[in-house]
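Understanding the architecture of this molecule
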Amino acid sequence: MPVAENALRLILIGPPGSGKGTQALQLCGRYNIGHVSTGDILRRNTQKGTSLGKHAEEFLQAGDLVPDPLIFDMLEDLYNRAGGEQQGFVLDGFPRSESQARALSDFLEGRSQSIHKVLLLQLDDDVIVGRLIHRRTCPKCGRSYHLQASPPQQAGVCDSDGSTLVWRPDDHEEVIRNRLDTYHQQTQPVAAYYAQKGVLSSIDASSPISTITERITRLVDPLVSSV
Ligand code: AMP
């Protein structure tokens, strides 16, 4: 059944560095839906030194998943931040394990809602390592740059809001390798979970950003009603 575009509920899954954040920004602009990134929320909490941030910090630094109870406690807040009562949303970095996917399904079922499409961005591990080592991120708006392929206009400064770009501590090689192991072991089963529900589509994420965006919109546009 077609849905109004601003009611679309989407999930982006993919290994670190596959471009989830970049594509999420495109999706929320195109369809006028909310966007939440659990990674961004957790990082902000560690920077602010909140209780959540203090509990999550060691897991972020090691590239391990933050334990489920902490994530489950965030679920309602995530949904509200995305504006889930009033509009659709794109989730970026959540769910990250099958148990999280089941918790999200239960949560949405309680609101007579479900996920319309899950987009799986696929990319080889070696390409990912090359991308992440050279990635610099804006701590304010989340935009990311590649030092060689897509550098900012002024070195070290975000083109969008002038913030100083950071090299995330978990974008160093040893941690990247652990994040990839975590992805293969814990997050890949999430794709199988949604494939079984018939809402999964896979996308080759090795192409230029605009090509990936086109592929995604070709999959999502047909879900939208023209009314
Ligand atoms: P990301 O910015 O999505 O790459 O996430 C950075 C880090 O935040 C991950 O390596 C995990 O430590 C943590 N994290 C983000 N989202 C989740 C989640 N849904 N469940 C558990 N840990 C998460």
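As a reminder, the structure under discussion sits directly above these lines.
Residues numbered from 1 in each chain as written. Predicted model: local features only at pLDDT ≥ 70, side-chain atom pairs only at ≥ 80, totals over all residues. Heavy atoms only, no water.

A few words on the sheet that holds strand β1 (residues 9-13). One open sheet accounts for five strands, arranged β2-β3-β1-β4-β7; its pairing is parallel. Lying at the two open borders of the sheet, with one neighbouring strand each, are β2 (34-37) and β7 (200-204). Each strand axis lies, on average, 20 degrees off the axis of its neighbour in the sheet, ignoring direction. (Pairing = 2+ DSSP bridges. Helix = DSSP H or I, 4+ residues; strand = E, 2+ residues; numbered from the N terminus. Axes fitted to C-alpha atoms, helices over the stretch in contact; angles between N-to-C directions.)

Here the bond from F94 into P95 is cis, since omega is -5 degrees, no more than 30 degrees from zero. Here P95 shows up in the loop between β3 (89-92) and α5 (98-109). Even without being glycine, N32 reaches a positive phi, approximately 60 degrees. Here N32 lies in the loop between α1 (20-31) and β2. Of note in this structure, S112 is not a glycine but carries a positive phi near 55 degrees. Its location among the elements puts S112 in the loop between α5 and β4 (117-122).

A few words now on the site of the ligand. Taken together, 17 residues lie near the ligand, and T38, R43, D64, R96 and Q100 sit nearest. The contact in question runs from an oxygen atom of the ligand to an N or O atom on the backbone of D64, over 2.6 Å. Taking R96, its side chain carries an N or O atom lying 2.9 Å from an oxygen atom of the ligand. Relative to its unbound accessible area of 480 Å², the ligand is 96% covered by the protein chains. Those elements giving two or more residues to the shell around the ligand turn out to be α2 (38-48) and α3 (51-62). Broken down by element, the residue count for the shell around the ligand peaks at four residues, all from α2. Across the shell around the ligand, the residue classes break down as seven nonpolar, four polar and six charged. (Near = heavy atom within 4 Å. Polar contact = N/O pair within 3.5 Å; in protein donor to acceptor, adjacent residues only side chain to side chain. Areas by Shrake-Rupley, 256 points an atom, 1.4 Å probe, with all protein chains shown as cover. Nonpolar A, V, L, I, M, F, W, Y, C, P; charged D, E, K, R; others polar.)

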